[in-house]
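Okay, here's what each chain looks like letter by letter:
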There are 2 protein chains.
Amino acid sequence: MKVQNLLENTKQQMRKGILELCIMSIISDEGEAYPSDIITRLQESQLIVVQGTMYPLLARLKSAGLLNYTWKESDAGPPRKYYALTDGGSEFLDGLMGTWGQLVKAVKHSTKNLKVNK
Amino acid sequence: MKVQNLLENTKQQMRKGILELCIMSIISDEGEAYPSDIITRLQESQLIVVQGTMYPLLARLKSAGLLNYTWKESDAGPPRKYYALTDGGSEFLDGLMGTWGQLVKAVKHSTKNLKVNK
DNA sequence: GCAAGGTACTTTGCAATGCAAGGTACTATC
DNA sequence: GATAGTACCTTGCATTGCAAAGTACCTTGC
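Only a predicted model underlies this, so the values are computations on that prediction, with no experimental measurement involved.

Parameters at a glance
Residues numbered from 1 in each chain as written. Chains lettered and ligands numbered in written order. Predicted model: local features only at pLDDT ≥ 70, side-chain atom pairs only at ≥ 80, totals over all residues. Heavy atoms only, no water. Phe/Tyr/Trp six-rings, centres within 6.5 Å; stacked < 30°, edge-to-face > 60°. Buried < 20%, exposed > 50% of the residue type's maximum accessible area, 1.4 Å probe, protein only. Lys NZ or Arg CZ within 6 Å of the ring centre and 35° of its normal. Near = heavy atom within 4 Å. Polar contact = N/O pair within 3.5 Å; in protein donor to acceptor, adjacent residues only side chain to side chain. Helix = DSSP H or I, 4+ residues; strand = E, 2+ residues; numbered from the N terminus. Core = buried A, V, L, I, M, F, W, Y, C linked by side-chain atoms within 4.5 Å. Contact = heavy atoms within 4.5 Å. Axes fitted to C-alpha atoms, helices over the stretch in contact; angles between N-to-C directions. Parallel < 35°, antiparallel > 145°, perpendicular 65-115°, else oblique. Left-handed = near helix turned anticlockwise from the far one by under 90°. Nonpolar A, V, L, I, M, F, W, Y, C, P; charged D, E, K, R; others polar.

## Things to note about the packing of aromatic side chains
All names here are of chain A. Applying the stated rule across the entire model yields six aromatic pairs over all chains. Plain terms: the ring middles of Tyr69 and Trp71 are 6.5 Å apart, the flat faces sit at 85 degrees to each other, and that makes the pair edge-to-face. Tyr69 gets classed as partly exposed once you look at its relative accessible area, which sits at 31%. Ring-pair connections join several aromatic residues into one group, and the members of that group are Tyr69, Trp71 and Tyr83. Residue placement shows Lys72 over the ring face of Tyr82; its charged tip is 5.6 Å from the ring centre.

## As for the protein's contact with DNA strand D
The environment of DNA strand D is formed by 24 residues, the closest being Thr53(A), Arg60(A), Asn9(B), Tyr55(B) and Lys81(B). Near the protein, within 4 Å, the atoms of DNA strand D are sugar or phosphate in 70% of cases. Between DNA strand D and Arg80(B), the relevant distance is 2.8 Å, taken from a phosphate oxygen to a side-chain nitrogen or oxygen of the residue. Every element with two or more residues in the surface near DNA strand D is listed here: helix 1 (3–15) and helix 4 (51–63) of chain A together with helix 1 (3–15), helix 3 (35–44), helix 4 (51–63) and strand 2 (80–85) of chain B. In terms of residue count, the dominant contributor to the surface near DNA strand D is helix 4 of chain A (four residues).

## Quick look at the environment of Gln43(B)
Take Gln43(B): it is sitting in helix 3. Here the alpha-carbon distance between Gln43(B) and Arg15(B), two residues 28 residues apart in the chain, equals 13 Å.

## With respect to the nonpolar core
Burial of nonpolar side chains together is a common tendency in soluble globular proteins. Ranked by internal contacts, the top residues of the largest apolar core, which has 70 residues, are Ile23(A), Leu42(A), Trp100(A), Ile23(B), Leu42(B) and Trp100(B). Setting aside residues up to four positions removed in sequence, Leu42(A) forms contacts with Cys22(A), Ile23(A), Ile26(A), Leu47(A), Val49(A), Met54(A) and Ser110(B).

## Brief notes about the packing of helix 2 (residues 18–30) of chain B against helix 5 (residues 87–110) of chain B
Residues and elements named next belong to chain B. Between helix 2 and helix 5, the least distance of the axes is 10 Å, while the angle of their chain directions is 130 degrees. Put simply, helix 2 runs oblique to helix 5. Between helix 2 and helix 5 lies a crossing of left-handed hand. When helix 2 is examined against helix 5, the residues Ile18, Glu20, Leu21, Met24, Ser25 and Ser28 are found in contact with a partner set consisting of Gly89, Phe92, Leu93, Leu96, Met97 and Trp100. A breakdown of the residues in the contact of helix 2 with helix 5 according to their chemical character gives eight nonpolar, three polar and one charged.

## Brief notes about the protein's contact with DNA strand C
Surrounding DNA strand C, one finds 24 residues, the nearest of these being Asn9(A), Tyr55(A), Lys81(A), Thr53(B) and Arg60(B). The sugar-phosphate portion of DNA strand C accounts for 73% of its atoms within 4 Å of the protein, the bases making up the rest. The contact in question runs from a phosphate oxygen of DNA strand C to an N or O atom on the side chain of Tyr34(A), over 3.1 Å. Gln51(A) places a side-chain nitrogen or oxygen 3.1 Å from a base nitrogen of DNA strand C. For the surface near DNA strand C, the elements supplying multiple residues, two or more each, are helix 1, helix 3 (35–44), helix 4 and strand 2 (80–85) of chain A together with helix 1 and helix 4 of chain B. Among the residues making up the surface near DNA strand C, the classes are represented as nine nonpolar, nine polar and six charged.

## A few points about unusual backbone geometry
One non-glycine residue with positive phi stands out, namely Gln46(A), at about 70 degrees. If you trace the backbone, Gln46(A) turns up in the loop between helix 3 and helix 4.

As structure tokens, this is what we get:
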């Protein structure tokens, strides 16, 4: 396996786990949002997420009671499933932010002697 | 599944992928290091990594040509496998740092309207 | 009306990988 | 030669992002 592929692979690995954070954060920001909308918003942050990732993830969060949704008509096209945070979801998002902060700190500590790191 | 468990689960997910970065960074810092040593160093950064994670990961990096190792006698106990970065490994580490930086930026962008985020 | 195109939601199966648990092996101490 | 400590290694499982393929609804043009 080439180093280039390895990098891609690892990059993908790194993204795992933070998707929930970003997605819930966007929903929280918008108040409510539908999947295709979220995907577009993530692209603005240079995070490419596809439907095959988004739908199962939202379904997981929904069944965990962190999100709920309502169907809404669209001006053009089929109805959309608008997701919003539940109270538990807001709590969870707070927790995720804390975890993320810890993680960033841990990496900073581990790489503090690396010249690239600033 | 309780929210508390979900948080633990996601936290674990987040750690995936950044382990390579932290481990290679530590090896780079030390010049060479053996697995149990690296685990101890990671704990200082609040990153708990166990042997069942460490050994396969190092083996992967080794077989990818990013690390090599030499056996060294120990003052007490069995000999140790000291890992060091190859030239390719250093390059790879640079790449990982870049990827990590992008990711942090992406999360920052996605969560910029969240009050917790600063 | 009905074909074509666009938008949106859903499911299936694969691949990667952290981890728990259990195992092997070498050295030192008593 | 038994016990304890340190170190390395392997197996199998569970999670989950993703590619690919499928279903369904709405609008537009003829």
